[in-house]
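# Observations on chain architecture
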Amino acid sequence: MFKIIESDENITNDSLAKSGIAAAYGNIGVIYSRRGNYQDALEFFLKSLKIAEEIGDWEGIANSYNNIGNYFCLKEANYSEALKNYSNALSIFNTIKSR
């Protein structure tokens, strides 16, 4: 399943399709996280963030930062890094809300 998603990412230039791929990567990361596979979860959160940044999907960027914050909080107990990511997410969500 993951190879199909990666293949689709390489062939499409459609922002809507890429947004869906980024969301799927984020969801896969959440599944890995819930199963305790935090390193793979982080890998998918970072993939999601990269695509969201490429297409300017601000909600996707904020969601990715939030997920990355969860990783640093739950897995690494690196609260300063978690807070940095949560703050980035909150700032973006506030900007989106004020539009």
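### Thoughts on the overall build of the protein chain
Secondary structure assignment for the protein chain yields five helices and zero strands. Reading the secondary structure of the protein chain in the N-to-C direction produces α-α-α-α-α. Of all intrachain contacts in the protein chain linking residues separated by at least 6 positions in sequence, the fraction that spans at least 24 positions is 38%.

### A word on the packing of helix H3 (residues 38-55) against helix H4 (residues 58-74)
Running from N to C, H3 and H4 cross one another at 160 degrees; their axes reach a closest spacing of 9 Å. Our classification of the angle between H3 and H4 gives roughly antiparallel. For H3 against H4, the interelement crossing comes out left-handed. Residue-level inspection shows Tyr38, Gln39, Leu42, Phe45, Leu46, Ser48, Leu49, Ala52 and Glu53 of H3 in contact with H4, the latter providing Gly60, Ile61, Ser64, Tyr65, Asn67, Ile68 and Tyr71.

### So, the pattern of salt bridges
For the structure on display, the rule yields two salt bridges. Among the ionic pairs, Lys47 bridges to Glu43, the shortest N-O distance being 4.0 Å. Placement of the pair is Lys47 and Glu43 together in helix H3, with a separation of four residues, close to one helical turn. Using a relative accessible area of 39% as the deciding quantity, one classes Glu43 as partly exposed. Among the ionic pairs, Glu81 bridges to Lys84, the shortest N-O distance being 3.2 Å.

### Examining helix H2 (residues 15-34)
The end-to-end C-alpha separation of H2 is 29 Å, in line with the 28 Å expected for 20 residues at 1.5 Å each. Regarding H2, the residues found buried are Lys18, Ile21, Ala22, Tyr25, Gly26, Ile28, Gly29, Tyr32 and Ser33. Buried residues of H2 fall within an arc of 160 degrees about the axis and therefore sit on the same side. Turned more than 90 degrees away from the buried face of H2, the exposed residues are Leu16 and Arg34.

How each quantity is defined
- Residues numbered from 1 in each chain as written.
- Predicted model: local features only at pLDDT ≥ 70, side-chain atom pairs only at ≥ 80, totals over all residues.
- Heavy atoms only, no water.
- Helix = DSSP H or I, 4+ residues; strand = E, 2+ residues; numbered from the N terminus.
- Contact = heavy atoms within 4.5 Å.
- Axes fitted to C-alpha atoms, helices over the stretch in contact; angles between N-to-C directions.
- Parallel < 35°, antiparallel > 145°, perpendicular 65-115°, else oblique.
- Left-handed = near helix turned anticlockwise from the far one by under 90°.
- Salt bridge = Lys/Arg side-chain N within 4 Å of Asp/Glu carboxyl O.
- Buried < 20%, exposed > 50% of the residue type's maximum accessible area, 1.4 Å probe, protein only.
- Expected span 1.5 Å × (residues − 1).
- Arc of directions from axis to C-beta.

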